[in-house]
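Now for the letters of each chain:
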Amino acid sequence: MQLPTTFEHLISEAEDLNLYVKLINQVNKDFLLANIDLDFQDDVLPSRLKYVLHETIYKLIQEKFTDYLNLLYIVDVSEEKIKQLDGSDTLKLSEQVTFLVLQREWQKVWYRHKFS
């Protein structure tokens, strides 16, 4: 599997394979497991999804760092990828982490679809 390298590519691939709703459901499931109050409707626009996720992850980094780490664990974002990010700018960091979270969620959905 070639992971998408941009948000637009990820969403395009999800929509092309009719898996966008499953991606939303996976995000909702993992955020619920992490006890983070976030629940997207199936018809959420990709731009809104990205904005709300970014805002939520930014707030977690700023205010609830333990919950942020728990979310990364539940989503199973690679520790190596997180370590490669520059943490000097929290806004930029949260944007990059948002993409890593979506990328990992997409990977789960894609594999489940491919091998089920």
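Scroll up to find the structure this text is about.
The rules behind these values
All residue numbers refer to position in the chain's written sequence, counted from 1. Side-chain atom pairs in this predicted model are given and counted only at pLDDT of 80 or more, local residue features only at pLDDT of at least 70, and totals for whole chains, interfaces and linings cover all residues. Computation of side-chain values: all heavy atoms of the structure, hydrogens and water removed. Here a helix means four or more residues in a row that DSSP labels H or I, a strand means two or more in a row labelled E, and each is numbered from the N terminus. Contacts are residue-level and defined by heavy atoms, with any inter-residue pair within 4.5 Å sufficient. Stacked, edge-to-face and tilted labels apply to pairs of Phe, Tyr and Trp rings (six-membered ring for Trp) whose centres lie within 6.5 Å, assigned for plane angles under 30 degrees, over 60, and everything in between, in that order. Between buried and exposed lies partly exposed: a residue is buried under 20% and exposed over 50% of the maximum accessible area for its type, with that area taken using a 1.4 Å probe on protein chains only. Patch membership needs two things, relative accessible area over 30% and no salt bridge, and members are linked within 9 Å if like-charged or within 5 Å if nonpolar (Val, Leu, Ile, Met, Phe, Trp, Tyr). The accessible surface values rely on the Shrake-Rupley method and a 1.4 Å probe; as for residues, cover is taken only from the protein chains in view. Salt bridge, as applied in this entry: a Lys or Arg side-chain nitrogen positioned within 4 Å of an Asp or Glu carboxyl oxygen. Arc definition: directions from the helix axis to the C-beta atoms.

Overview of the environment of Lys108
In step 1: Considering the arrangement of structural elements, one finds Lys108 in helix 6 (residues 90-114).
In step 2: With 33 residues separating them along the chain, Lys108 and Val75 place their C-alpha atoms 9.3 Å apart.
In step 3: Contact partners of Lys108, with chain neighbours within four places excluded, come to Gln26, Asp30, Ile74 and Val75.

Here we look at the packing of aromatic side chains
In step 1: The final tally for this structure, using the stated rule, is three aromatic pairs.
In step 2: Relative to Tyr111, the ring of Trp110 has its centre 5.1 Å away and its plane inclined at 80°; by these criteria the two rings are edge-to-face.
In step 3: For Tyr111, a relative accessible area of 35% corresponds to the partly exposed category.
In step 4: On the basis of an interplanar angle of 15° and a centroid distance of 5.9 Å, the ring pair of Tyr111 and Phe115 is categorised as stacked.
In step 5: Accessibility expressed as a relative area gives 62% for Phe115, which makes it exposed.
In step 6: A network of ring pairs unites the aromatic residues Trp110, Tyr111 and Phe115 as a single cluster.

Quick look at a nonpolar patch on the surface
In step 1: Side chains of Met1, Tyr111 and Phe115 sit close together on the surface and give an oily, nonpolar patch of about 320 Å² of accessible area.
In step 2: With respect to the element layout, Phe115 can be found in the segment after helix 6.

Digging into helix 4 (residues 65-75)
Residues spaced three or four apart along an α-helix point in a common direction, a consequence of the helix completing one turn every 3.6 residues.
In step 1: Within helix 4, the full set of buried residues consists of Tyr68, Leu71, Leu72 and Val75. Around the axis of helix 4, the buried residues are gathered within 100° of arc, so they sit on the same side. The exposed residues of helix 4 that point more than 90 degrees off its buried face are Thr66 and Tyr73.
In step 2: Among the structural elements, helix 2 (20-33), helix 3 (46-63), helix 5 (79-83) and helix 6 are those in contact with the buried residues of helix 4.
In step 3: Phi turns positive, to about 75°, at Asp76, one or two residues after helix 4.

Observations concerning the pattern of salt bridges
In step 1: Applying the stated rule across the entire model yields four salt bridges.
In step 2: Note that Arg104 and Asp76 form a salt bridge whose closest N and O atoms lie 3.0 Å from each other. Taken together, the residues Arg104 in helix 6 and Asp76 in the loop between helix 4 and helix 5 connect sequence positions 28 residues apart.
In step 3: Overall, Asp76 belongs to the partly exposed group, its relative accessible area being 43%.
In step 4: Across the salt bridge formed by Glu79 and Lys83, the nearest N and O atoms sit 3.3 Å from each other. Here the residue Glu79 and the residue Lys83 both occupy positions in helix 5, the gap between them amounting to four residues, near one helical turn.
In step 5: For Glu79, a relative accessible area of 54% gives the class exposed.
In step 6: Residue classification places Lys83 among the exposed positions, given a relative accessible area of 58%.

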